[in-house]
Amino acid sequence: MSISNNQQLFLKKLKKERLIVFFTQVIIIIGFLFLWEFCASKKIINPFIFSSPSRIIKTLKTLFVDGSLLTHIFTTISEILIAFFLGISLGFILAVVLYEFPLLAKVVEPFLTMLNSLPKVALGPIIIIWAGANTKAIIVMALLINLIVSLLTIYNGFLGTDIIKINLLKSFGANKKVLLKYLVIPQAKRTIISSLKLNISMTLIGVIMGEFLVSKKGIGYLIIYGTQVFNLNIVMSGIVLLIILSFLIYGCVSFVEKQLLKSN
Amino acid sequence: MNKKLSIKNLGKSYYTKQGEIKAIDDLTLDIYEGEIISIVGTSGCGKSSLLGILANIEEKTKGSIEFQEKESTIGYMLQNDALFPWLTIYENAILGLKIKKKLTKENCNYVKELLKTYHLEEFANKYPNELSGGMKQRVALIRTLAIKPDLLLLDEPFSALDYQSRLAVSDDVFKIIKKSKITTIMVTHDIGEAVSLSNRVVVLSKRPCKIKNIYEISLSDDPIANRQTQEFNNYYNMIWRDLDVNIE
């Protein structure tokens, strides 16, 4: 197929626009880092409180050399992955149960709403007492935050099933299991996939919150530890790590989502 | 003509907080082998409930439905094509067979044959969103025919289509029904459709619906040509008057 001149111009314009946006973003980041470094070195801002890019890099290097950096990152990533997959699978299973038993759904609905609107961090101290001051408590914390959201999203996706399609399958003699397998779950695929993104954001919040409350390892621990010893270089390093990590993880989930949606 | 099924004193009520809604009250009707019978009535008069009950989707409140044969395969076509967007045209077409666990090689070939007949062969591996409304409706028809029904229930099956495709698709459906002599019950609010396609037209009163009139239609086997005739207009006017009285 030949592309007309105007079409080519249009594509060129699109490409140009993308480049402009990208370079502006890069310039903003570099400019910000430069300004930060400059202000800190000229003592315009107090480097003890605000740290600086060079100090952060130095801190990260030290942490890397003594081997604790990778441990912290690995700990946080594994907690995120465990909480994420547990949240998604439990959310999915519970959504199926609620869909299959409407009476049960009616019974638990107000409780779910209550739990959903409760600031979960309030439960932190209890979780530590019940689950112990360990990784389990962090996972439970993250699950509290991501599970209800995924459950409600997926459940509502199931409820949106087209009644005409349900009737069609029933006219073929479909039972509940067949309805779920052929219609209810496949038609909610888009909802389920988009709940992944929601879930990962919630998981990040939950894991870091959990690490704040109870941990000996992890990026959240790094931040809290830095605050306690009033070493803002460590705190800032932790935040920078977290920004990069969440950006990467979110990017991965977005990529997976796109691929899944592409295959219809 | 042989009886295909008898509907006796059928009643259907829906229960809501506000009270009982009687959709159908004491409906008695015989359906004959091979006929095309249309049921017309104002909207919400319980016509669709009747098909729902016949298709085993809804429970009846009272009365009985007796089929002459013990084993009867019912094909049900609904208001819209209800194709599954995540399945290909072919997968959609064999959906009924799959659920009924009748996915034999012979039946698959039959579906392929049907797709060929309706010029949908080259679309077999495409998805519904790539097809026009009329084509999708034909796929829905193939999905219904694939299970080889001996009773066809059509619930305003062309109402989602534009006028042109509507005439074309209903012409297709009519030809198939005529050729295979499948007993057909069609529910519609389109009097023209009912008169041009059917052997009999049953006019229902408004809720709770009762039979108001039954018209024997004697027109040709060409639904589009039927619409041009004087008799068509006569039937049309009579039925329209029947329905009009009920609107008030």
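Residues numbered from 1 in each chain as written. Chains lettered and ligands numbered in written order. Predicted model: local features only at pLDDT ≥ 70, side-chain atom pairs only at ≥ 80, totals over all residues. Heavy atoms only, no water.

A.B. asks: Tell me what's going on with the nonpolar core, and back it up with residues and numbers.
C.D. replies: Within the largest apolar cluster, 81 residues are counted, with the highest numbers of intra-cluster contacts made by Leu169(A), Leu27(B), Val111(B), Leu120(B), Leu153(B) and Ile185(B). Per element, the largest residue contribution to this core is seven residues, and it comes from helix H5 (residues 133–146) of chain B. When neighbours within four sequence positions are excluded, Leu120(B) is seen to be in contact with Leu115(B), Leu131(B), Met135(B), Arg138(B), Val139(B) and Ile142(B). Ile138(A), Ile208(A), Leu232(A) and Leu241(A) belong to the second largest nonpolar core, which has 28 residues in total. (Core = buried A, V, L, I, M, F, W, Y, C linked by side-chain atoms within 4.5 Å. Buried < 20%, exposed > 50% of the residue type's maximum accessible area, 1.4 Å probe, protein only. Helix = DSSP H or I, 4+ residues; strand = E, 2+ residues; numbered from the N terminus. Contact = heavy atoms within 4.5 Å.)

A.B. asks: Hey, could you go over the interface of chain A and chain B for me, with residue numbers and the actual values?
C.D. replies: Each partner contributes to the interface: chain A provides 15 residues, whereas chain B provides 20 residues. Buried area between chain A and chain B, summed over both chains or domains, comes out near 1700 Å², and the portion from carbon and sulfur atoms is 74%. Counting across the interface, chain A meets chain B through zero salt bridges. Linking chain A to chain B there are zero residue pairs in polar contact (both at pLDDT 80 or more). When residues of the side of chain A that touches chain B are traced back to their parent elements, those giving at least two are helix H8 (163–171) and helix H9 (176–187) of chain A. Ranked by residues supplied to the side of chain A that touches chain B, first place goes to H8(A) with seven residues. (Buried area = accessible area lost by both parts, 1.4 Å probe. Salt bridge = Lys/Arg side-chain N within 4 Å of Asp/Glu carboxyl O. Polar contact = N/O pair within 3.5 Å; in protein donor to acceptor, adjacent residues only side chain to side chain.)

A.B. asks: Would you mind going over the confidence of the model for chain A in detail, with residue names and values included?
C.D. replies: On average, residues of chain A score 92 in pLDDT, and 98% of them are at 70 or above. Averaged over each element, pLDDT in chain A is lowest for helix H2 (residues 47–50) of chain A (89) and highest for helix H4 (residues 68–100) of chain A (95). (pLDDT = per-residue confidence, 0-100.)

A.B. asks: Could you give an account of the packing of aromatic side chains, naming the residues involved and the relevant values?
C.D. replies: Taken as a whole and assessed by the stated rule, the structure comprises 10 aromatic pairs over all chains. Aromatic side chains Tyr221(A) and Tyr225(A) sit 5.8 Å apart centroid to centroid with 25° between the ring planes, which places their arrangement in the stacked category. Here Tyr221(A) pairs with Tyr225(A), and both are found in helix H11 (residues 219–228), just four residues apart, close to one helical turn. Under the relative-accessibility criterion, Tyr225(A) is labelled partly exposed at 35%. Look at Phe84(B) and Trp86(B): their rings are 5.0 Å apart centre to centre, the planes differ by 35°, and that puts the pair in the tilted class. Summarising the burial analysis for this pair, Phe84(B) and Trp86(B) share the class buried. Counting every residue linked through ring pairs, the aromatic cluster contains Phe92(A), Tyr99(A) and Phe158(A). (Phe/Tyr/Trp six-rings, centres within 6.5 Å; stacked < 30°, edge-to-face > 60°.)

A.B. asks: Got a sec to walk through the sheet that holds strand S3 (residues 36–40) of chain B? Specific residues and values, please.
C.D. replies: Residue and element names in this part refer to chain B. Reading across from one edge, S5-S6-S7-S3-S8-S9 is the order of the six strands in this open sheet, with mixed pairing throughout. The open sheet has two edge strands, strand S5 (74–77) and strand S9 (211–216), and neither has a second partner. Between one strand and the next, the sheet's axes are offset by a mean angle of 15°, whatever the strand orientation. Pairing of S3 with strand S8 (residues 200–204) involves four bridges; the strand directions are parallel. The residue bridging Val40 from the neighbouring strand is Val203, located in S8. Running over the sheet, H5 touches S5 and strand S6 (151–155) and is turned about 165° from S5. (Pairing = 2+ DSSP bridges. Axes fitted to C-alpha atoms, helices over the stretch in contact; angles between N-to-C directions.)

A.B. asks: Quick rundown of the domain arrangement of chain A? Include the residues and the values.
C.D. replies: Residue and element names in this part refer to chain A. Taken domain by domain, chain A consists of domain 1 (5–45) and domain 2 (52–262). Placing a centre on the C-alpha atoms of domain 1 and another on those of domain 2 gives a separation of 32 Å. In this structure, the connection of domain 1 to domain 2 is made through zero salt bridges. Linking domain 1 with domain 2 are one residue pair in polar contact (both at pLDDT 80 or more). Of the residues that constitute the side of domain 1 that touches domain 2, the class distribution is three nonpolar, no polar and one charged. (Domains from an automatic or database assignment. Nonpolar A, V, L, I, M, F, W, Y, C, P; charged D, E, K, R; others polar.)

A.B. asks: Break down the pattern of salt bridges for me, with residues and values.
C.D. replies: Considering all chains together, one arrives at 15 salt bridges over all chains under this definition. Here Lys165(A) and Asp162(A) are joined by a salt bridge, their closest N and O atoms 3.5 Å apart. Lys165(A) gets classed as buried once you look at its relative accessible area, which sits at 14%. In this structure, the salt-bridge partner of Asp190(B) is Arg166(B), at a minimum N-O distance of 3.1 Å. Taken together, the positions of Asp190(B) in the loop between strand S7 (183–188) and helix H7 (191–197) and Arg166(B) in helix H6 (residues 163–180) put the pair 24 residues apart, joining distant regions of the chain.

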